[in-house]
Amino acid sequence: MGHNPLPWMNDDELRYRAEVPCYCGKQGCIETFISGTGFATDYQRLSGKALKGSEIMCLVDEGDALAEQALCRYEQRLAKSLAHVVNILDPDVIVLAAG
Ligand SMILES: [Zn+2]
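None of these values were measured; they are calculated from a predicted model. (Residues numbered from 1 in each chain as written. Predicted model: local features only at pLDDT ≥ 70, side-chain atom pairs only at ≥ 80, totals over all residues. Heavy atoms only, no water.)

**A word on the coordination of the zinc ion**
Then comes step 1: Listed as protein donors to the zinc ion are His3 (ND1), Cys22 (SG), Cys24 (SG) and Cys29 (SG); their distances from the metal cover 2.0 to 2.3 Å.
Then comes step 2: Around the zinc ion sit 4 donor atoms; with metal-centred angles ranging over 104 to 118 degrees, the donor geometry is tetrahedral.
Then comes step 3: Motif for the zinc ion, donor spacing along one chain: H-x18-C-x1-C-x4-C.
Then comes step 4: Owing to a relative accessible area of 6%, cysteine 22 belongs among the buried residues under this scheme. (Donors = N, O, S within 2.8 Å, 3.2 Å for Na, K, Ca; no water. Tetrahedral: all angles 85-135°; square planar, octahedral: opposite > 155°, others 65-115°. Buried < 20%, exposed > 50% of the residue type's maximum accessible area, 1.4 Å probe, protein only.)

**Quick notes on helix H1 (residues 11-19)**
Then comes step 1: All of the buried residues along H1 are Asp12, Glu13 and Tyr16. Looking down the long axis of H1, one finds its buried residues gathered within 95 degrees of arc, a one-sided arrangement. With respect to the buried face of H1, the exposed residues turned more than 90 degrees away are Asp11 and Ala18.
Then comes step 2: Packed against the buried residues of H1 are helix H2 (30-33), helix H3 (36-47) and helix H5 (65-89). (Helix = DSSP H or I, 4+ residues; strand = E, 2+ residues; numbered from the N terminus. Arc of directions from axis to C-beta. Contact = heavy atoms within 4.5 Å.)

Spelled out as structure tokens, the structure:
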């Protein structure tokens, strides 16, 4: 699923797609948005700071506004991606896994 395009991209996601190519050679892959690397890249675009996903989550716990914004964007993108799958397959359960 990670190398399908992110559905229903907004203007910022279209800019992200142009700026951040996927390692597979395509642009706009879900993987570039919904992964630890994608989360860190999006946070860096917002804040100018290069942090690991775990470090950003610590900032979320501390109430950092930009980290919370990055997490909210991540959650919205995950929801859009899963909605696309649900609309096609109507699964009873979705199991998420990652490295
Ligand atoms: Zn890809």
